[in-house]
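Each chain, written out:
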Amino acid sequence: MRRRRRRRLTGATSKGPAWVPWLFLLPAALIFLVFKFIPMAEGIRLSLFEVRPFLGDIYVGFENYATILQDEKFLTASWHTIVLAGGQTIGAMVIGFLLALLLEGHTKSLWFVRSAVFLPVVAATAVIGEIWRLFFYPAPEGFLNELISWVGLGPWEYIHDTDTSLVSVMFVGIWKHAPYDMVLILAGLAGIDRQQYEAAAIDGASTWQRIRSVTLPALRPVITILLTLAAIRGLRVFTEVYVLTGGGPAGSTDVWMTRVYTTAFEQSEAGLASAGSVLLFLVTLVLTVSVQWYRRRREAR
Amino acid sequence: MRRRTATTIATLSVAALLAGCGSSTPAASNKDPNKPLEVWTRSTEATAKVYEKIFKSFTEKTGVQVDYKPIFNDFDKQVQQRAASKDLPDVVVTDTGSLGNFVKQGWTTEVKREDVAGGADVVDRAWNNGKGADGKFYAIPFSTQAMVTLIRKDWREKLGKPIPTTWEELDDLAKAFTRNDPDGNGQNDTYGMLVPGTTDRGYLAWWASSYIWQGGGDILEDEGDGKFAVGIDSPESTKAVERLRKLFCEDKVMQPGSLTLGTNDAHPLFESGKSGIYLTGPYMIGRFDKSVGKDKYEVVASPRGPAGATVLGEGENIYQMAGSAKTADQRKLAEYLITAEAQQAGMKGDPQPVVRLPVNKNVDVNATYDDPRWATVAGVYSSEARPFPSVPNFAPFRQKTSETLNSIFAKCPADSSAELKTLAEALKKELDNQKASQ
C-alpha cells in the first residue's frame, strides 16, 4: 500500500525509455562535473606536485603530505581545529537546546522572537566577524569591556591575548550556530507526543526528570544529525577565524583551513596546500562515515 | 505527447549546456592581441582615480586601449589565482616586495635596462627595486618611498614634549601619550604607538625592520655575491627586539589589538585619535590631511637608535607579466609611466599620490609637491632608506620573522633571545633552500 502511493507521488511509470530520467539528471551532473568533481580531482593531482604554473610542475609524490604531517604549525593548527570544533559543537547544541525549550510553542510573539534569535545564522560570517572585532576591542572603552565593567570585571583582551583568543573565537561560533541548532531541535520537539509529558506529570516527574527521560531520548535522531553537521562545519571553520584574527596573535587561533590558505596564498605553495585540503577531506570523510556506521548499528539493534 | 515534451526539454537543456561549455575557452584574453591591455594596480578607490587619469592620457598618446582594474584587498592572492589558470594580467603595478615571488614563479619577464626608452632618466637606486637576486632586472620602478614617523602634533604640544630625535625621547613620548591624557577628554583612552602587527603578508616584519636596523641589527646580512648570513639573532638585533618587547609587554604603550591589525584597519585608529605615533609610508599624508587635519599631525624623520636612523625604503614596480601576447604594448605603458609627465601626474593625485617619490631624476619633488613634509620624506629617502635585501625570494623570511615577532610581543617571554635563535635557524634553512647561504 505504502509503496504504491509513493510511486504515484513521484509520477514515475514503467512506460518510456529508461534513459529519460538520466537525461534530466544530466545537466546537474554536468555542472557538478565541471565545477565540483574535476576541480576536486585536479586538487588531488596537484597535491603530488610542486606547483609552478609558468615554469612547469615538478612531480614530488607524497612528499607534500610528509611535509605537512611533520610541520609543527600544521600540527598546532589541527589541535586548535579539534578544540574549536568540539567546543563550538557542544556549546552551540547546549545553548540551542536551552533556546528551543524557552521558545517552544505557537504564540505569535514567540514566532517573532524565534526569527530574531535566528538572525545570526542568516547574517554573512564575514560581517559577523567584523562586528565582533569591534565588540572585542581590547581597551576599557571597548563595547564588551564596558559591559563587563558594570559587574566589576575586565578589561579583557579577548581575541588579542594568546590565552583567550581561541575561546573568544569559539564564543562567536557558538553565538552564530546555536540558533541553527535551535531550529532543528524545535522541529524535533514538535514531534514529541504531548501525552508523554502529561503522563510524566501525572506520575509526579519534575521538569528536569521530564527533560531527561522524555525530551532527550525523543531528540536522539535530531542530535545525531546536528552532531554530524556540526563536526563537518567545525573542521572546515575558516571565515570567522580569518576575519576575527587571521590566525593570530602568535598563531594561537590558527586552524587547519587558515593554515592551508596561508600556505597557498602567502607562501605560493599550491601543492602543499592541496595536500592539506585532501587530508582534511579524508578526515571529514572518515568521521562522517563512522558516525553513520555507528548510528546504523545502534538503530539495527 | 507529454512524454515527448519532457524528452525534448531534457535534450535541449543538455544541448544548451554543452554548447555553453564549448564556447568558453578559458585563458583566451591574453592570447588575443586585439583585446585591450589588462592592467592591475594595488589601489584604493581614491588612488584608482589617479591611475585612471594617467592611463587615459597614455591611450590618447599611443592609441593603446587599457582595461584597468584597481584591486586593493588580497592583491597578491588574486594575482596568484590568475597565475593558477595561466592567465595573468598584462601589466601589474605593485610593491617591490612581490619581486622575489614573481621571479621565482616565472610570472614576470626580464627587462633589459638599456632597452627601456627613458630608462636612463630613472635613478640607479630606484632601479635596484627591480633587480632580482641574479643581478638581472625583472621590473621597472614606478615610485619609491621611505618610512617616516607621523606624530599627533597637538597632543605633543599639549604635553609640552619636544619632537623626538632619539629612541629614548620617542619611547618617552609614547608613554606620555598613553598615560597623560593628551586629548584632554578626561579619560585614559589614548595610546602611544600604532603598529600594523598582523602576520598577514608579514606586515609586522615590515614595521619592525626599521627599528632593527636602527639598533644595528639585521634580518639578513648581505655577504656579497648573492650570498647572505642570518643576522636576526645577533646581540644588536636581540637588543632592538627587546626594546620593542618592552614597549609592548611592560610599558604597554602600543595600541591594543595591534597584533592582529593590518594596515587597512590600522589607519582609522590614527585618524580617530586612538594612537599618536605611527611609523608608516608617506602615502597616507593626503588622506590624513582631510581626516585628522593638516595642522594636527607632523611628519618627521625616524628618531635615531644606537646605530642610526635607517628606515625601510621601498616602492612600487611595473611588472610586465609573463604569457602576454602584447609585449610591445606592455613596454610602451611602462616607458610612459616613467616619463616626467606621468610621474608628476601620479604625484599630484588628490587626495593621495600614486607616485610618492619620483623615480625620474628630472622631476623636482619640492616644486611638484610644494610641501615641506614631502621634502622631509625625500630627505629621509636619500640619506637613510634601505630596501629589504635581494635574496631570491624575501617573502618567506618576512613571513617567518613576523610570526616570531608576533609571538614574542603576544606572549611576552622574559627574554626574547631564545625565540630569535629558533627563528635564525629557520631562516638559515630557508637560505639553504634558496641557495643563498654562504
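Quick caveat: nothing in here was measured; it's all calculated off a predicted structure. (Residues numbered from 1 in each chain as written. Chains lettered and ligands numbered in written order. Predicted model: local features only at pLDDT ≥ 70, side-chain atom pairs only at ≥ 80, totals over all residues. Heavy atoms only, no water.)

(A) Broad picture of the overall build of chain A. The helix and strand inventory of chain A stands at 14 helices and two strands. Taken over the C-alpha atoms alone, chain A extends approximately 75 × 75 × 35 Å along its principal axes. Looking at chain A residue by residue over its 301 residues, the buried ones come to 39%. With 28 positive and 22 negative side-chain charges, chain A shows a separation of 22 Å between the mean positions of the two kinds. (Helix = DSSP H or I, 4+ residues; strand = E, 2+ residues; numbered from the N terminus. Buried < 20%, exposed > 50% of the residue type's maximum accessible area, 1.4 Å probe, protein only. Lys, Arg positive; Asp, Glu negative; His and termini not counted. Charge placed at Lys NZ, Arg CZ, Asp CG, Glu CD.)

(B) Highlighting the nonpolar core. All names here are of chain B. Ranked by size, the top nonpolar core spans 111 residues in total, and within it Trp207, Leu220, Ile232, Ile318 and Phe409 carry the most contacts. Each of two domains, domain 1 (34–144 + 314–386) and domain 2 (148–313 + 390–434), supplies a minimum of three residues to this core. Residues in contact with Trp207, not counting those within four places in the same chain, are Leu194, Val195, Pro196, Leu244, Met254 and Leu279. (Core = buried A, V, L, I, M, F, W, Y, C linked by side-chain atoms within 4.5 Å. Domains from an automatic or database assignment. Contact = heavy atoms within 4.5 Å.)

(C) Region of interest: the layout of surface pockets. For the second largest pocket, the calculated volume is near 850 Å³. Together, 31 residues line the second largest pocket, and Pro39, Glu42, Gly43, Leu46 and Ser274 of chain A are the ones closest to its centre. Listed by contribution, the elements that provide at least two residues to the lining of the second largest pocket are α2 (19–46), α13 (256–265) and α14 (270–300) of chain A together with α3 (75–84) of chain B. Sort the elements by how many residues they give to the lining of the second largest pocket and α2 of chain A lands first, with eight residues. Taken together, the residues of the lining of the second largest pocket break down into 19 nonpolar, seven polar and five charged. (1 Å grid on protein atoms, 1.4 Å probe; cavity = no way out; pocket = protein on both sides within 12 Å on 5 of 7 lines; lining within 4 Å. Points joined across faces, edges and corners; volume = space filled by probe spheres on them. Nonpolar A, V, L, I, M, F, W, Y, C, P; charged D, E, K, R; others polar.)

(D) Focus on the side chain of Glu430 of chain B. Residue and element names in this part refer to chain B. Note on placement: Glu430 falls in helix α17 (residues 417–433). The class for Glu430 is buried, based on a relative accessible area of 14%. Residues contacting Glu430, with those up to four places away along its chain left out, are Pro396, Phe397 and Lys400.

(E) Main features of the confidence of the model for chain A. All names here are of chain A. With 95% of its residues at a pLDDT of at least 70, chain A reaches an overall mean of 87. Mean pLDDT values for the elements of chain A range from 50 in helix α1 (residues 2–10) up to 94 in helix α3 (residues 63–70). Of the regions scoring below 50 in pLDDT, residues 1–7 engages in one contact with residues more than four places distant in sequence or in other chains. (pLDDT = per-residue confidence, 0-100.)

(F) Structural context of the interface of chain A and chain B. The interface is formed by 39 residues belonging to chain A together with 43 residues belonging to chain B. Around 3,300 Å² of area is buried between chain A and chain B when both sides are counted, 60% of it from carbon and sulfur atoms. Considering only the surface of chain A that becomes buried against chain B, Phe54, Phe265 and Glu266 of chain A emerge as the three largest contributors, covering 20% of it. On inspection of chain A and its partner chain B, the count reaches three salt bridges. Taking the shortest distance from any N to any O, the salt bridge between Lys274 of chain B and Glu141 of chain A comes out at 3.2 Å. (Buried area = accessible area lost by both parts, 1.4 Å probe. Salt bridge = Lys/Arg side-chain N within 4 Å of Asp/Glu carboxyl O.)

(G) Broad picture of the pattern of salt bridges. All names here are of chain B. Evaluation of the coordinates by the stated rule reveals 36 salt bridges over all chains. Put simply, Arg113 and Asp124 hold a salt bridge, and the shortest N to O gap is 2.4 Å. Taken together, the positions of Arg113 in the loop between α4 (99–104) and α5 (124–128) and Asp124 in helix α5 put the pair 11 residues apart, joining distant regions of the chain. According to the relative accessible area criterion, Arg113 is partly exposed, its value standing at 27%. One salt bridge in this structure joins Arg304 and Glu384, with 4.0 Å as the shortest N-O distance. On the criterion of sequence distance, the pair formed by Arg304 in the loop between β10 (297–300) and β11 (311–312) and Glu384 in the loop between α15 (372–383) and β14 (385–386) is long-range, its members being 80 residues apart.

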